[in-house]
Amino acid sequence: MASPVIIGSERSEAGLAQGMAILRQGGSALDAVEATLRLCEDNLADHYVGTGGLANARGEVELDASIMIGSTRAFAGVGAVKNYPNPISIARKVLELLPQHCLLVGEGAELFAHENGFAKAELSTPESLALFREALKPSENSVEGVRTLAAAGDEAYREKAIELVNRFLPHEGPWGTINVLALDEAGELVCGVSTSGYPWKYPGRVGDSALPGTGNYSDIRYGAAACTGRGELSMRALGARTVVDGLARGLDPTEACLEMLREASALPDAFRAELRTLCLTPDGRHGAAAGQATATYSVMTATSTEVEIHPRTQL
Ligand code: ASP
């Protein structure tokens, strides 16, 4: 019998204790990961996942999420989902009810959610809308079209907002996707990821969080890994799978994370922003790495009384 462990990226603290409570009662890693991420998605103070997530360039919130099971490498992801606040649960439903597919996006994912009884909700909040409007304000980088928006109404904001994509500046502060990785008593290793993606992204852009091998990967033989930050770098470097490959070659968790980040950071990228990663092995070891010295990840073991914040190793 394995000793349960659950780890998560920055701000997974909103749900991690609930996830560990499920594991301590002998619950499954799948249930623990889903429950943890749902709480994060419902956390209105978090503007990078679920309700209150940051909008795309037209002012609409589009969510990506995925879940992967280590023993079978079964994977399900949803991308660019509008109006449904818990994409991690839609991904889980795809995993269970639609195993002939791995990924649903946009309208198809929303149809599947509707047909399976998920409730629609408004995903923007006054705070997230204010952040969107702030981002549209004329700046030194803005083109003339955006400059003329000051007096315009919502529609004009949305029509011209596409120009935000052309600014595409990596935003400051911590990246927002949430990764949750759990090992249950039965030895199952599950990885889940949820995000509103890159703020002000081009509509329809799907990031690494919805895709196997990039933002999310779990293989019971070696470990599970997940990424946050610049998803396009993770896609080009196959981030999560590369970390797991490192574990398979015998690297320790931290070194496997560092090796992947070294490779990804060597790629030419005009829009360079930070990429972070973390991993968990089937025997409960874990590690994480990032470009910044102050980056952290969160851990709970069967004996933790509260969420432990661990430093990520700096690249
Ligand atoms: N990896 C996410 C994406 O590219 C962004 C993030 O971590 O905040 O969509």
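**A word on the pattern of salt bridges**
Here is step 1: Inspection of every chain in the model, using the stated rule, returns 17 salt bridges.
Here is step 2: Among the salt bridges present, the one from Arg221 reaches Asp219, with a minimum N-O distance of 2.8 Å.
Here is step 3: The structure contains a network of salt bridges with shared partners spanning Glu10, Glu274, Arg276 and Arg312.

**As for the sheet that holds strand β13 (residues 313-314)**
Here is step 1: Within the open sheet, the five strands sit side by side as β7-β8-β9-β10-β13. Their pairing is mixed. Pairing within the sheet leaves two strands with one partner each, and these edge strands are β7 (216-219) and β13.
Here is step 2: Pairing of β7 with strand β8 (residues 223-229), which is carried by four bridges, proceeds in the antiparallel orientation. Across the sheet, Asn216 pairs through a bridge with Ala226, a residue of β8.
Here is step 3: Lying over the sheet, helix α10 (residues 239-248) contacts β7, β8 and β9 (275-280), oriented at roughly 145° with respect to β8.

**Notes on the packing of aromatic side chains**
Here is step 1: Throughout the structure, instances matching the rule amount to one aromatic pair.
Here is step 2: Taking the centre distance of 5.7 Å and the plane angle of 50° together, the rings of Phe132 and Trp200 count as tilted. Taken together, the residues Phe132 in helix α5 (residues 126-136) and Trp200 in the loop between β6 (189-195) and β7 connect sequence positions 68 residues apart.

**So, the site of the ligand**
Here is step 1: By nearness alone, ten residues border the ligand, and Gly176, Thr177, Arg205, Asp208 and Gly229 come closest of all.
Here is step 2: One of the backbone N or O atoms of Gly229 is found 2.7 Å from a nitrogen atom in the ligand.
Here is step 3: In the complex, 99% of the free accessible area of the ligand, which totals 270 Å², lies under the protein chains.
Here is step 4: Of the residues assigned to the shell around the ligand, the class counts are two nonpolar, six polar and two charged.

**A few points about the confidence of the model for the protein chain**
Here is step 1: The predicted model of the protein chain has a mean per-residue pLDDT of 90, with 88% of residues at 70 or higher.
Here is step 2: Contacts for the low-pLDDT stretch residues 139-152, under 50 throughout, to residues beyond four places or in other chains number 20 contacts.

**Topic: the side chain of Glu62**
Here is step 1: Of note, Glu62 is situated in the loop between α2 (29-41) and β2 (63-69).
Here is step 2: No salt bridge is formed by the buried Glu62; the nearest opposite charge belongs to Lys82, separated by 4.2 Å.
Here is step 3: From its side chain, Glu62 meets the backbone nitrogen of Gly204 in a polar contact 3.0 Å long.
Here is step 4: When sequence neighbours within four positions are dropped, the list of residues in contact with Glu62 reads Asn56, Ala80, Val81, Lys82, Thr195, Ser196, Lys201, Pro203, Gly204 and Arg205.

**What to know about the sheet that holds strand β4 (residues 103-105)**
Here is step 1: Judged by pairing direction, the sheet is mixed, and its eight strands sit side by side in the order β4-β3-β2-β6-β5-β1-β11-β12 without closing on themselves. The outermost strands of the open sheet, each flanked by one partner alone, are β4 and β12 (308-311). Going across the sheet, the axis of each strand differs from the next one's by a mean of 15°, ignoring polarity.
Here is step 2: Sheet topology note: the strand β11 (residues 296-301)/β12 ladder contains four bridges and is antiparallel. When the sheet's bridge partners are listed, Thr296 is paired in β12 with Pro311.
Here is step 3: This element, helix α1 (residues 13-24), spans β1 (5-8), β5 (178-183), β11 and β12 of the sheet and lies at about 25° to β11.
Here is step 4: The strands touched by helix α3 (residues 87-97) are β2, β3 (75-81), β4 and β6; relative to β2, the strand with the most contacts, the crossing angle is about 45°.

**Quick look at unusual backbone geometry**
Here is step 1: The backbone of Ala80 sits at a positive phi, close to 55°, despite the residue not being glycine.
Here is step 2: Turning to its location among the elements, Ala80 is positioned in strand β3.
Here is step 3: By relative accessible area, Ala80 is classed as buried at 7%.
Here is step 4: One non-glycine residue with positive phi stands out, namely Asn83, at about 70°.

Cut-offs applied
What you see as residue numbers is a count from 1 along each chain, following the sequence as written. Thresholds applied to this predicted model are a pLDDT of at least 70 for local features of residues and 80 or more for the giving and counting of side-chain atom pairs; totals over whole chains, interfaces and linings are not thresholded and use all residues. Water and hydrogen atoms were dropped before computing side-chain values, which therefore reflect all heavy atoms in the structure. Take a side-chain nitrogen of Lys or Arg and a carboxyl oxygen of Asp or Glu: if they are within 4 Å of each other, that pair is a salt bridge. Any two strands between which DSSP finds at least two bridges are classified as paired. Comment: elements are numbered from the N terminus, with helices defined as DSSP H or I runs of at least four residues and strands as E runs of at least two. We call two residues in contact whenever any of their non-hydrogen atoms come within 4.5 Å of each other. Note on geometry: axes are lines fitted to C-alpha atoms, helical ones only across the stretch in contact, with angles between N-to-C directions running from 0 to 180 degrees. Stacked, tilted and edge-to-face are the three classes assigned to paired rings of Phe, Tyr and Trp, where Trp is represented by its six-membered ring and a pair needs centres within 6.5 Å; plane angles under 30 degrees give stacked, over 60 edge-to-face, the rest tilted. Residues are labelled near a given molecule or strand when at least one of their non-hydrogen atoms is within 4 Å of it. Within 3.5 Å is the distance limit for a polar contact, defined as a pair of N or O atoms, with the added protein rule that one can donate a hydrogen and the other accept it, and that residues adjacent in sequence qualify only through two side-chain atoms. Residue exposure ignores everything except the shown protein chains as possible cover, and the areas themselves are Shrake-Rupley values with a 1.4 Å probe. Polarity classes work like this: nonpolar for Ala, Val, Leu, Ile, Met, Phe, Trp, Tyr, Cys and Pro, charged for Asp, Glu, Lys and Arg, and polar for all others, with Gly in that last group. What pLDDT reports is the predictor's confidence in each residue, on a scale of 0 through 100. Classification of residues uses two cut-offs on accessible area relative to the type maximum, computed with a 1.4 Å probe and protein chains only: under 20% is buried, over 50% is exposed, and between them is partly exposed. Only four residue types enter the tally: Lys and Arg on the positive side, Asp and Glu on the negative side, with His and both chain ends excluded.

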